[in-house]
Amino acid sequence: MVTPLGTGVPFNWDSITNGRSGIRAIEAFEVSDLPSRVAGMVPRGDQPGAFDADQTASPKERRRMDEFIVFGMAAADEAVKDSGWTPEAPEDCERSGVMIGSGIGGLKGIAEGAVTLEKSGPRRISPFFIPANLINLVSGHVSIRHGFKGPNHAVVTACSTGAHAIGDASRLIAFGDADVMVAGGAESAVCRLGLAGFSSAKALSTGFNDRPSAASRPWDRDRDGFVMGEGAGVVVLEELEHARRRGAKIYAEIRGYGLSGDAYHITAPVEDGNGGFRAMQAALRNAELNPEDIDYINAHGTSTPLGDEIEHSAVKRLFGEHAKSVSMSSTKSAIGHLLGAAGSVEAIYSILALKNGVIPPTLNLDNPSDGCDMDLVPHEAKERSVRYALSNSFGFGGTNACLIFGHAP
Amino acid sequence: MSDVAERVKKIVVEHLGVEESKVTENASFIDDLGADSLDTVELVMAFEEEFQCEIPDDAAEKILTVKDAIAFINEHTK
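Chain B is annotated in an unreviewed UniProt entry as Acyl carrier protein of Roseospira marina. Under the UniProt heading Function (unreviewed entry), the entry covering chain B gives this text: "Carrier of the growing fatty acid chain in fatty acid biosynthesis."

## Some thoughts on the layout of surface pockets
Residues and elements named next belong to chain A. Empty space within the largest pocket amounts to approximately 1,100 Å³. In this structure, the largest pocket is lined by 43 residues; those nearest its centre are Val 236, Leu 237, Glu 238, Ala 252 and Ile 254. Those elements that place two or more of their residues in the lining of the largest pocket are helix H1 (9–17), helix H3 (67–83), helix H8 (161–174), strand E8 (231–238), helix H10 (240–245), strand E9 (252–261), helix H11 (274–287) and helix H14 (342–356). Here the element with the most residues in the lining of the largest pocket is E9; it accounts for six residues. For the lining of the largest pocket, the class distribution of residues is 29 nonpolar, five polar and nine charged.

## Observations concerning the interface of chain A and chain B
Across the boundary between the two partners, chain A contributes nine residues, which contact 16 residues of chain B. Of the roughly 1,100 Å² buried at the junction of chain A and chain B (both faces included), carbon and sulfur atoms supply 44%. A per-residue breakdown of the area chain A buries against chain B is headed by Arg 123, Arg 124 and Pro 127 of chain A, which together make up 53% of the total. At the junction of chain A with chain B, the criterion picks out six salt bridges. Where chain A touches chain B, the interface holds six residue pairs in polar contact (both at pLDDT 80 or more). Of the residues assigned to the side of chain A that touches chain B, the class counts are three nonpolar, one polar and five charged.

## Considerations on the UniProt feature "domain: Carrier" (unreviewed entry) in chain B
When the UniProt feature table is mapped onto this chain numbering, "domain: Carrier" (unreviewed entry) sits at residues 2–77 of chain B. Secondary structure across residues 2–77 of chain B comprises 58% helix and 0% strand; the distance between its end C-alpha atoms is 13 Å.

## What about the side chain of Thr 65 of chain B?
Locating Thr 65 of chain B in the fold gives a position in the loop between helix H3 (57–60) and helix H4 (66–76). Ignoring any residue separated from it by four or fewer positions in sequence, one finds Thr 65 of chain B in contact with Glu 25, Asn 26, Ala 27, Ser 28 and Phe 29 of chain B.

## Section: the packing of aromatic side chains
All chains considered together, the criterion is met by four aromatic pairs over all chains. Ring centres of Phe 198 of chain A and Phe 226 of chain A lie 5.2 Å apart, and the angle between their planes is 75°; on these two criteria the pair is classed as edge-to-face. Of this pair, Phe 198 of chain A sits in helix H9 (residues 192–200) while Phe 226 of chain A sits in the loop between H9 and E8, and the two are 28 residues apart along the sequence. Assigned by exposure class, Phe 198 of chain A and Phe 226 of chain A land together as buried. On the basis of an interplanar angle of 40° and a centroid distance of 6.5 Å, the ring pair of Phe 29 of chain B and Phe 47 of chain B is categorised as tilted.

## Some thoughts on the confidence of the model for chain B
Residue and element names in this part refer to chain B. Model confidence for chain B is summarised by a mean pLDDT of 93, while 97% of its residues fall at 70 or above. At the low end of the mean pLDDT range in chain B sits H3, at 93; at the high end sits H4, at 95. With pTM at 0.96, the complex prediction returns an ipTM value of 0.85.

## Observations regarding the packing of H8 of chain A against H14 of chain A
Residue and element names in this part refer to chain A. One can describe the packing of H8 onto H14 by two numbers: an axis separation of 4 Å at closest approach and a directional angle of 70°. Judged by the inter-axis angle, H8 sits roughly perpendicular to H14. Taken together, the residues of H14 that come into contact with H8 (itself represented by Gly 162, Ala 163 and Ile 166) are Gly 343, Ser 344 and Ala 347. Here the contact of H8 with H14 is built from residues that sort into three nonpolar, three polar and no charged.

## Topic: H9 of chain A
Residue and element names in this part refer to chain A. When H9 is considered as a whole, its buried residues turn out to be Gly 194, Leu 195, Phe 198 and Ser 199. The buried side chains of H9 occupy one side of the element, clustering within an arc of 125° when seen end-on. Against the buried residues of H9 lie helix H5 (107–120).

## Examining the nonpolar core
Ranked by size, the top nonpolar core spans 42 residues in total, and within it Met 181, Leu 237 and Tyr 349 of chain A carry the most contacts. Leu 237 of chain A has contacts with Ile 166, Ala 169, Ser 170, Ile 173, Asp 179, Val 180, Met 181, Ala 183 and Ile 254 of chain A, leaving out every residue within four places of it along the chain.

## With respect to unusual backbone geometry
With a phi close to 65°, Trp 219 of chain A is a non-glycine residue in the positive phi region. The class for Trp 219 of chain A is buried, based on a relative accessible area of 0%.

## Some remarks on the pairing of strand E15 (residues 399–407) of chain A
Consecutive residues of a regular strand have side chains that alternate between opposite faces of the sheet. Residue and element names in this part refer to chain A. The buried fraction of E15 amounts to eight of the nine residues, a majority that puts the element mostly inside the structure. In this structure, E9 lies alongside E15, joined through nine bridges in antiparallel fashion. In the sheet register, Tyr 257 faces E15, and the bridge partner there is Leu 403. Between strand E14 (residues 388–395) and E15, which follow one another and run antiparallel, lie three residues, and Gly 397 among them has a positive phi close to 95°.

Reading the values: the criteria
- Residues numbered from 1 in each chain as written.
- Chains lettered and ligands numbered in written order.
- Predicted model: local features only at pLDDT ≥ 70, side-chain atom pairs only at ≥ 80, totals over all residues.
- Heavy atoms only, no water.
- UniProt positions renumbered as here; feature names shortened; annotations may be inferred.
- 1 Å grid on protein atoms, 1.4 Å probe; cavity = no way out; pocket = protein on both sides within 12 Å on 5 of 7 lines; lining within 4 Å.
- Points joined across faces, edges and corners; volume = space filled by probe spheres on them.
- Helix = DSSP H or I, 4+ residues; strand = E, 2+ residues; numbered from the N terminus.
- Nonpolar A, V, L, I, M, F, W, Y, C, P; charged D, E, K, R; others polar.
- Contact = heavy atoms within 4.5 Å.
- Buried area = accessible area lost by both parts, 1.4 Å probe.
- Salt bridge = Lys/Arg side-chain N within 4 Å of Asp/Glu carboxyl O.
- Polar contact = N/O pair within 3.5 Å; in protein donor to acceptor, adjacent residues only side chain to side chain.
- Phe/Tyr/Trp six-rings, centres within 6.5 Å; stacked < 30°, edge-to-face > 60°.
- Buried < 20%, exposed > 50% of the residue type's maximum accessible area, 1.4 Å probe, protein only.
- pLDDT = per-residue confidence, 0-100.
- Axes fitted to C-alpha atoms, helices over the stretch in contact; angles between N-to-C directions.
- Parallel < 35°, antiparallel > 145°, perpendicular 65-115°, else oblique.
- Arc of directions from axis to C-beta.
- Core = buried A, V, L, I, M, F, W, Y, C linked by side-chain atoms within 4.5 Å.
- Pairing = 2+ DSSP bridges.

Now the structure itself:
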């Protein structure tokens, strides 16, 4: 995984459970005329955990891919290496697929291409302009690099992308289309155009430009919008017996997956949260579990005034009395909102919470809003054994996904 | 070696990520230097930019080696 905290799963887990924030003032480009000037940007440079693009792709390769593809490939390289799955036999390659999506794709690249077209004309548009910015080219590059010739697909469901990719990929395995799927999401839309667009939609935090690490504060009464983030999260999914036969390291089992649509508004969640409610309900039904079986919820929790409370009330309605016993946190408090990568990055945090018995905290939750009375794990990680972990993702367009993970069987 | 030849070779090295020693005048972009069809389009664009000239598509199709590029540019620029 690649996040604003850094590169790699072990580094990320150490950072997030120690309450570190990856949100900083934006220095990489001009922001003085933008209302939101903070973001979760992937650290580049020499510090520990910094992202080194050269490790993933040569400068020549990178000229033909927008950065979201580089992030996605880096996350996929790590996941595939960790899985130990390096098929060579043709039939094994053909049973291995890729489903890595993105919410927006090559926004920076498209913006720059449009400027080139306007300034210099069509003859100066690179032959790599289209493949550098297409969303499904993460899956394309990953398949080429690793020789995975099975299903090659890409999800595009805004901020639910990463969760839908993992859920849908698991169903391809369940339906017999593949034995192994590399799945997740990648995003790198933190640029002037991305910030301007989300700012105009009044979605971003604007009141914490001088205190970046305090800007993402899910459920806190002073929250004022989400903080844009970038990065990628990718997992390797595998049919259980296939994994057992080769003695694979199994982190967790996907137990449930649920989807729903709000059919309500392009950006706002339906007021009573029934979209999220029904996605969670569907995932529980698919898992053949009850709300009482869930010990940890990794919330969508973006730090917007509207969304956080709606999700909280939907959880309380679905979980009833058990809402008092479940722990729910938002890791977006530390890394911001990674849009199309959010669901898959948060799936990884959820799996590690389950595996390690540690709940990552909700940073900056100083004063919960009225009615937000669940255990929201403020400020500090806590140890707690987790039987099943649930992860929510909700996206623009009213698209909702919910994943439930259980211990390796 | 002419100035044009040096500048052409520099562009080829940068765009194709190959070692300078491999970029001989007879080297074919596709057969010797590992370029694909998209790379060659990009190379031609880079030549146009560097030498402030226009290379029409029918001419670009005939630029297959380092030598071809140098010859075209010498002919069409001062």
